[in-house]
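Listed below are the residues making up each chain.
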Amino acid sequence: MADKSSFTPEEWKLVLSSPMLAGLAVTMAEPSGIWGMLKESMASANAVVTAGKAENASPLMKALLADMETSEGRTAARDEITAGLKGKSPAEIKMMVITKLTQAGKVLDAKAPADAAAFKTWLKYVADQVAESASEGGLLGFGGTRVTDSEKATIAEVGRALNVA
């Protein structure tokens with residue numbers, strides 16, 4: 001079973017940031033107002049905590065949660081996400097995020113083959129949870145569409161990037 005020591009520091013930063021990247025892809029597909037963005041951020045964070053504390057959590061999931069519980073881990077993940085994003089449009093950010101998810105999937109396949117399929121499926125689940133966490137097009141969180149066509153297309157794109165159905 002893989003854990004943090006299975007990866008180089010650069011690879012680990014990519015794996016560590018991957019749940020937030022999966023959520024960010026959906027957020028960039030259909031940017032919400034402030035409340036929607038907060039709900040979407042919380043959905044991504046909740047998915048990490050829930051998966052890392054599950055009874056059947058893999059050593060990789062436990063390592064990810066343990067790092068995200070530290071200031072250094074959160075900073076490393078944030079730095080990996082924000083690198084090169086300044087001045088980019090939401091569409092450009094989404095494209096960069098999908099590229100990073102593709103890279104993360106390849107790293108997982110190479111360095112954690114026993115865990116890769118489950119971990120990548122979980123990343124797609126994170127994208128689903130983010131999409132379902134906030135309605136788009138409503139007023140102050142009321143009404144609107146729960147998961148838009150753009151978000152559905154982005155979830156499918158996340159799945160293709162990670163090579164999962």
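Residues numbered from 1 in each chain as written. Predicted model: local features only at pLDDT ≥ 70, side-chain atom pairs only at ≥ 80, totals over all residues. Heavy atoms only, no water.

Caption draft 1: How the structure looks around the nonpolar core. Counting 49 residues, the largest nonpolar core has Val15, Leu101, Phe119 and Trp122 as the members making the most contacts within it. Taken together, the elements giving at least two residues each to this core come down to helix 1 (9-29), helix 2 (34-53), helix 3 (59-68), helix 4 (71-82), helix 5 (90-111), helix 6 (113-133) and helix 7 (149-162). Examining the composition of this core, we find that 10 residues originate from one element, helix 1, more than from any other. For valine 15, the contacting residues outside a window of four places in its chain are Phe7, Leu60, Leu64, Val107, Leu108 and Phe119. (Core = buried A, V, L, I, M, F, W, Y, C linked by side-chain atoms within 4.5 Å. Buried < 20%, exposed > 50% of the residue type's maximum accessible area, 1.4 Å probe, protein only. Helix = DSSP H or I, 4+ residues; strand = E, 2+ residues; numbered from the N terminus. Contact = heavy atoms within 4.5 Å.)

Caption draft 2: Main features of the side chain of serine 18. By the secondary structure assignment, serine 18 is in helix 1. Accessibility expressed as a relative area gives 0% for serine 18, which makes it buried. In contact with serine 18, other than residues within four places in its own chain, are Leu101, Ala104, Phe119 and Leu123.

Caption draft 3: Structural context of the packing of helix 1 against helix 3. For the pair helix 1 and helix 3, the least separation of the axes is 10 Å and the interaxial angle reads 85°. Between helix 1 and helix 3, the crossing angle belongs to the class labelled roughly perpendicular. Side by side, helix 1 and helix 3 meet where Trp12, Val15, Leu16, Pro19 and Met20 of the first sit next to Leu60, Ala63, Leu64, Asp67 and Met68 of the second. Taken together, the residues that form the contact of helix 1 with helix 3 break down as 9 nonpolar, no polar and 1 charged. (Axes fitted to C-alpha atoms, helices over the stretch in contact; angles between N-to-C directions. Parallel < 35°, antiparallel > 145°, perpendicular 65-115°, else oblique. Nonpolar A, V, L, I, M, F, W, Y, C, P; charged D, E, K, R; others polar.)

Caption draft 4: Highlighting the pattern of salt bridges. Counting across every chain of the model gives 6 salt bridges. Ionic pairing is found between glutamate 11 and lysine 111, a salt bridge with its closest N-O pair at 2.8 Å. Of this pair, glutamate 11 sits in helix 1 while lysine 111 sits in helix 5, and the two are 100 residues apart along the sequence. On the basis of relative accessible area, glutamate 11 is assigned to the buried category, the value being 18%. (Salt bridge = Lys/Arg side-chain N within 4 Å of Asp/Glu carboxyl O.)

Caption draft 5: Spotlight on the packing of helix 1 against helix 6. Running from amino to carboxyl end, helix 1 crosses helix 6 at an angle of 35°, the nearest separation of the two axes being 8 Å. Of the two elements, helix 1 crosses helix 6, and the hand of that crossing is right-handed. Contact with helix 1, carried on its side by Val15, Ser18, Pro19, Ala22, Gly23, Val26 and Thr27, involves Phe119, Trp122, Leu123, Val126, Ala127, Val130 and Ala131 of helix 6 and no other residues of that element. For the contact of helix 1 with helix 6, the class distribution of residues is 11 nonpolar, 3 polar and no charged. (Left-handed = near helix turned anticlockwise from the far one by under 90°.)

Caption draft 6: Structural context of helix 5. If you check helix 5, its first and last C-alpha atoms are 31 Å apart, about what 22 residues at 1.5 Å a residue would give, namely 32 Å. On its buried face, helix 5 is in contact with helix 1, helix 3, helix 4, helix 6 and helix 7. (Expected span 1.5 Å × (residues − 1).)

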